[in-house]
Amino acid sequence: SAVISQKPSRDICQRGTSLTIQCQVDSQVTMMFWYRQQPGQSLTLIATANQGSEATYESGFVIDKFPISRPNLTFSTLTVSNMSPEDSSIYLCSAGRGSDTGELFFGEGSRLTVL
Amino acid sequence: AQRVTQPEKLLSVFKGAPVELKCNYSYSGSPELFWYVQYSRQRLQLLLRHISRESIKGFTADLNKGETSFHLKKPFAQEEDSAMYYCALVTGGGNKLTFGTGTQLKVEL
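An account of the accompanying structure is given in this report.

Observations concerning the overall build of chain B
- For chain B, the count of helices and strands is zero helices and 11 strands.
- Over its C-alpha atoms chain B spans a radius of gyration of 13 Å, differing by no more than 12% from the 13 Å that the globule rule assigns to 109 residues.
- Along the first, second and third principal axes, the C-alpha set of chain B runs to 40 × 30 × 25 Å.
- Total accessible area on chain B is roughly 5,500 Å²; 49% of this is exposed by carbon and sulfur atoms.

Here it is as structure tokens:
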């Protein structure tokens, strides 16, 4: 298994500001992903964080709004830029070993509230 | 289009009653499906995967390609089964998953 730590666990932000969420995995993993879970809705994949290269974004998500870094195999960051109230959500970091198809480990999530 | 549908937002059953959480999928390739669970105040975790045909905590799920379904079942619900359950489909290399909207299972005494 893999243990994922995210911080901050929650934050209240002002409209127009940006916030960076950090994700640390306790062991090397092949794949890391960022999901968003809006109130009452399911998990939506934002992007795949690629080690040493640009993230791969899903339809509807762009790098300017959600820049992602992954400098090594155990760490990634997601920035939510120029926030608006619509960005209020739980952001989840997840990781997988690639060899074990479909098994993802999740962080506890970062709950952002944008005023 | 790749899609996972869980038609019930909330399912309430009495302890000892059978449970069936519905999941239907839409996928052009050979599907790989999973059930994830999130207990209160805990993180999301894998419950079971169709390929292993296992029973975890008394839950089973059978892939029915004809009906494009992967329903989660348990013959006798327990109070500790109360949780949010998500059906998920592999939609990209390795671990990339598409999740359903989830079903909140509430087991009442």
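A few points about the interface of chain A and chain B
- With 21 residues of chain A in contact, the opposing surface of chain B contributes 18 residues.
- Summing both partners gives a buried area of about 1,700 Å² for chain A against chain B, and 49% of it is carried by carbon and sulfur.
- Three residues, A:T101, A:G102 and A:F106, lead the burial of chain A against chain B; their summed loss comes to 30% of the area buried on that side.
- In this structure, the connection of chain A to chain B is made through three salt bridges.
- In this assembly, chain A and chain B are joined by eight residue pairs in polar contact (both at pLDDT 80 or more).
- Of all the elements in the fold, those that place two or more residues in the side of chain A that touches chain B are strand 4 (31-37) and strand 5 (43-49) of chain A.
- If one sorts the elements of the side of chain A that touches chain B by residue count, strand 4 of chain A sits on top with four residues.
- Class assignment of the residues belonging to the side of chain A that touches chain B gives a composition of eight nonpolar, eight polar and five charged.

Definitions and limits used
Residues numbered from 1 in each chain as written. Chains lettered and ligands numbered in written order. Predicted model: local features only at pLDDT ≥ 70, side-chain atom pairs only at ≥ 80, totals over all residues. Heavy atoms only, no water. Helix = DSSP H or I, 4+ residues; strand = E, 2+ residues; numbered from the N terminus. Rg over C-alpha atoms; globule rule 2.2 N^0.38 Å. Areas by Shrake-Rupley, 256 points an atom, 1.4 Å probe, with all protein chains shown as cover. Contact = heavy atoms within 4.5 Å. Buried area = accessible area lost by both parts, 1.4 Å probe. Salt bridge = Lys/Arg side-chain N within 4 Å of Asp/Glu carboxyl O. Polar contact = N/O pair within 3.5 Å; in protein donor to acceptor, adjacent residues only side chain to side chain. Nonpolar A, V, L, I, M, F, W, Y, C, P; charged D, E, K, R; others polar.

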